[in-house]
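# Understanding the architecture of this molecule
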Amino acid sequence: KIKVRFTTLNPSASEMLLRVDTVSGGNATTHPHPSSNPPLHACLATATVVQVGGNSSGSGSGGGGDNAPPPTQCGGSTQLIGGVPHRGVILPTAPPPHDDDGSPNAANCSGEILTVGRKNCTVTIDDKCVSRGHATISLLSNDRLASSSSLDEMLFDDRIVMEFGAPVTPEEIRACDTSPSGVICVVRDRGSKFGTFVSVDEQLLLAQQSLARNGDNDAAGGTGGDCETGDETDDEAGGAAGGQIDYVDLSEKQIRAVHLLSENDSDRDAVNNPPRFKKLAPNTSIPLLQLSHGSESSSSSSSPPHALILFGPQGSAIRLSLLPLQFTFSRIKKPELDPILSSLRYIGASHSSQWDVKRSTHLVAPDKTAAAKGIMAWACRRPVVTGGYIEALLGRRDAMEALPKEEDYCPSGTWDSKLKYTPEPSTALKGYRIAVMVDDDNAPLAQSAGADILPIHENAPTTSARADFETWWGMQMNEASRDKLALAVVSSSSKKCKQYSDWLKQNE
């Protein structure tokens, strides 16, 4: 049995499980058109690992285009191991993850999860304006294996698992540093003849450029004084330094491809106002900030964070959409749970110890019971699955493999069999504002049933003066009345909230 050491990324932030929709372009009048193949689902688990010393097409691997041979697979495909019984080999002294020129120096250190091109790629597009090895998609992070001097390479049936790549360019490093999860997705042009075009979230990109300028000012000793910075001003220098984005005009077929990849969006504003595009210089990369930084800014949209990438002028394109996958676990013992948690990064999942009404997508439990988390999952209409569901996700070796079905991994238990089920989440407590005094299951339970939540322990005045609390509480009652909500308080015997409890009882 092998013990694998991992760093712990932010467990509350989403990793990267990407859905890949494809549009095929070409010279015919019917082009572009959606691919006849189902969408791909890519993550580290499904990545193809190239041989050490081969023609790697990873994040920092340099040129490609029509003159580059297709990548060489190591062992045929990739198999994920974390949380699944496996035999393996530890290589205790692995080389550094990147050479001086930034190219990957280990088979599983590029973070490359997709290749796009005309031949022998994960996404193969029969379009003469798409190069044989046109572009790559990689996942990068500063938080990789726990030991930088010794990489634990994990093998299963002689197949190596892909790890996050290391950021190389200043833009990649800065994006990793500011990503909520510490993980970013990067597209790299491999020296294509007709170019790679990437949709840009202007607000996010300009924010990154502003951070770059502030960093340069700090390095130069600040912006004040009589410091000389050279002949060019920021505006004259243009590009990222000047806060400018060099957008390109799309061809008719490219515009059609964008519409095809956006027509199912429920966010009509995104359809009516399509994104603008930036063309990558050959053999350069750009972080797809929409996928790593855009969750909060996209919270008002019902469409998942996504990015569009065009390959050449004939309308060949893909859409990368972030699929949320956050597991909450119930009644699973620590020896069994720890390896599962270490494995989640490879399937693009995250986890939370408590049920999160907005973000938890699955409850993982050995059986179905009417405990708090089981009730919350039922009220939110989220699936309850066994640990076998996660093992099935880990067992996917190819992005073309379908995702496992939750109903195939349903735990035993019939407590909910006689409850009336509706596709929509429960609204049993809609119209109520539930005030809670401690951080326990009461708040998510009420919220799962449609209630609005008032956390007294977080929002009440921090002073110990009763008059201040009573003033604040009076404002809460007025706001609830204004919002036409019934205000109810969940009592608690916890010593942490005894003062609040006493004051509220005296106000009854």
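Below is a summary of the structure that appears in this document.

How each quantity is defined
- Numbering of residues starts from 1 in every chain and runs along the sequence as written.
- At least 70 in pLDDT is required for a residue's local features to be given in this predicted model, at least 80 for side-chain atom pairs to be given and counted, and no such filter applies to totals for whole chains, interfaces and linings, which use all residues.
- Derived side-chain values reflect all non-hydrogen atoms in the structure, with water molecules and hydrogen atoms excluded from consideration.
- Working definition: helices are DSSP H or I runs of at least four residues, strands are E runs of at least two. Numbering for both runs from the N terminus.
- Multiplying 1.5 Å by the residue count of a helix minus one yields the expected span of that helix.
- Residue burial is assigned from relative accessible area. The probe radius is 1.4 Å, only protein chains are included, and a residue is buried under 20% of its type maximum, exposed over 50%, and partly exposed in between.
- The arc in question is formed by the directions pointing from the helix axis toward the C-beta atoms.
- Note on contacts: a residue pair is in contact if any heavy atoms of the two residues lie within 4.5 Å.
- At least two bridges found by DSSP between two strands is the condition for calling them paired.
- The convention used is that axes are lines fitted to C-alpha atoms, helices contributing only their stretch in contact, and that angles between N-to-C directions extend from 0 to 180 degrees.
- The aromatic pairing rule takes the rings of Phe, Tyr and Trp, using the six-membered ring of Trp, and pairs them if the centres are within 6.5 Å, calling planes under 30 degrees apart stacked, those over 60 edge-to-face and the rest tilted.
- Two conditions define a charge located above a ring, namely a distance within 6 Å from the ring centre to NZ of Lys or CZ of Arg, and an angle within 35 degrees of the ring normal.
- The set of buried Ala, Val, Leu, Ile, Met, Phe, Trp, Tyr and Cys residues whose side-chain atoms join them within 4.5 Å is what this entry labels a nonpolar core.
- Oblique is the label for every angle not falling under 35 degrees (roughly parallel), over 145 degrees (roughly antiparallel), or within 65 to 115 degrees (roughly perpendicular).
- Handedness of a crossing is defined here by the sense of rotation of the near helix relative to the far one, left-handed for an anticlockwise turn of less than a right angle and right-handed for a clockwise turn.
- All residues other than Ala, Val, Leu, Ile, Met, Phe, Trp, Tyr, Cys, Pro, Asp, Glu, Lys and Arg, Gly among them, are scored as polar; the first ten of these are nonpolar and the last four charged.
- Salt bridge criterion: a side-chain nitrogen from Lys or Arg within 4 Å of a carboxyl oxygen from Asp or Glu.

### Regarding helix α12 (residues 466-482)
Between its terminal C-alpha atoms α12 stretches 24 Å, which fits the 24 Å expected from 17 residues at 1.5 Å a residue. All of the buried residues along α12 are Phe 469, Trp 472, Trp 473, Gln 476 and Ala 480. Seen from one end, α12 has its buried residues packed into an arc of 100 degrees, which puts them on one side. Exposed and facing more than 90 degrees away from the buried side of α12 are Thr 471, Asn 478, Ser 481 and Arg 482. Where α12 is buried, its residues touch β20 (432-436), β21 (452-455), α11 (456-459), β22 (486-489) and α13 (498-506). Just downstream of α12 lies Lys 484, where phi reads positive at about 60 degrees.

### Observations concerning the pairing of strand β6 (residues 135-141)
Most of β6 sits inside the fold, with 7 of its 7 residues counted as buried. The alternating pattern of β6 places Ala 135, Ile 137, Leu 139 and Ser 141 and Thr 136, Ser 138 and Leu 140 on opposite faces, both of which are buried. Note that strand β4 (residues 112-117) and β6 share 4 bridges and pair antiparallel. Note on β6: the bridge partner recorded for Thr 115 is Thr 136. Where β6 meets strand β9 (residues 183-189), 7 bridges bridge the pair, whose relative direction is antiparallel. When the bridges of β9 are listed, Thr 136 appears paired with Arg 188.

### Things to note about the sheet that holds β21
The strand order β21-β20-β22 describes an open sheet built from 3 strands, whose pairing is parallel. The sheet is open, and its two borders are formed by β21 and β22, each paired with just one other strand. Averaged over all neighbouring strand pairs, the angle between strand axes comes to 25 degrees, with direction disregarded. Here 4 bridges tie β20 to β21, and the two strands are oriented parallel to one another. Bridged to Val 436 within β21 is Pro 455. Packing of α12 onto the sheet brings it into contact with β20, β21 and β22, and relative to β22 it is tilted by some 140 degrees.

### What about the sheet that holds strand β18 (residues 362-364)?
In space, the 4 strands of this open sheet follow the order β17-β16-β18-β19, with parallel pairing throughout. On the outer flanks of this sheet lie β17 (350-352) and β19 (384-385), each paired with one strand and no other. Pairing of strand β16 (residues 326-329) with β18 involves 3 bridges; the strand directions are parallel. Among the inter-strand pairings, Thr 328 is bridged to a residue of β18, identified as Leu 363.

### Overview of the packing of aromatic side chains
The final tally for this structure, using the stated rule, is 9 aromatic pairs. Aromatic pair Phe 327 and Tyr 389: ring centres 6.3 Å apart, planes at 70 degrees, arrangement edge-to-face. One end of the pair, Phe 327, is in strand β16; the other, Tyr 389, is in helix α9 (residues 387-394), with 62 residues separating them in the sequence. Through pairs of rings, three or more aromatic residues link up here, namely Phe 469, Trp 472, Trp 473, Tyr 500 and Trp 503. Lying over the aromatic face of Tyr 346, Arg 345 brings its terminal NZ or CZ to 5.9 Å of the ring centre.

### Examining the nonpolar core
In terms of nonpolar packing, the biggest core is built from 55 residues, with Leu 320 and Phe 327 touching the most fellow members. Broken down by element, this core gets its largest block of residues, 4 residues, from α9. Those residues in contact with Leu 320 that sit more than four places away from it in its chain are Arg 19, Val 20, Leu 114, Ile 137, Cys 185, Leu 288, Leu 291, Pro 305, His 306, Ala 307 and Ile 309. Residues Met 437, Leu 454, Phe 469 and Leu 504 belong to the second largest nonpolar core, which totals 13 residues.

### A closer look at the side chain of Ser 199
Mapped onto the secondary structure, Ser 199 falls in strand β10 (residues 196-200). Judged by relative accessible area, Ser 199 falls into the buried class, the value being 4%. Setting aside anything within four residues of it in sequence, one finds Ser 199 in contact with Pro 275, Arg 276, Phe 277, Gln 290, Ala 307 and Leu 308.

### A short note on the packing of α12 against α13
Between two packed helices, what matters for the description is the angle formed by their axes and the separation of those axes. Running from N to C, α12 and α13 cross one another at 65 degrees; their axes reach a closest spacing of 11 Å. Relative to α13, the element α12 lies roughly perpendicular. As for how α12 packs across α13, the hand of that crossing is right-handed. Residues Arg 466, Phe 469 and Trp 473 of α12 pack against Tyr 500, Trp 503, Leu 504 and Gln 506 of α13. Of the residues belonging to the contact of α12 with α13, the class tally is 5 nonpolar, 1 polar and 1 charged.

### Re the pattern of salt bridges
Applying the stated criterion to the full structure yields 11 salt bridges. In this structure, Asp 338 engages Lys 334 in a salt bridge whose closest nitrogen and oxygen atoms are separated by 3.1 Å. Taken together, the residues span about one helical turn, with Asp 338 and Lys 334 both in helix α7 (residues 334-343) at a distance of 4 residues. Note on Lys 334: relative accessible area 57%, which makes it exposed. For the salt bridge of Arg 482 with Asp 483, the shortest nitrogen-to-oxygen distance reads 3.3 Å. Residue Arg 482 is classed as exposed on the basis of its relative accessible area, which comes to 58%.

### A word on unusual backbone geometry
Cis geometry marks the peptide bond from His 31 to Pro 32, where omega comes out at -5 degrees. Of note, Pro 32 is situated in the loop between β1 (18-24) and β2 (33-34). If you check the backbone angles, Arg 381 has positive phi at about 60 degrees while not being a glycine. For Arg 381, the location among the structural elements is in the loop between α8 (372-380) and β19. Under the relative-accessibility criterion, Arg 381 is labelled buried at 15%. Non-glycine residue Lys 484 carries a positive phi angle of around 60 degrees. Counting through the fold element by element, Lys 484 comes out in the loop between α12 and β22. A relative accessible area of 74% means that Lys 484 is categorised as exposed.

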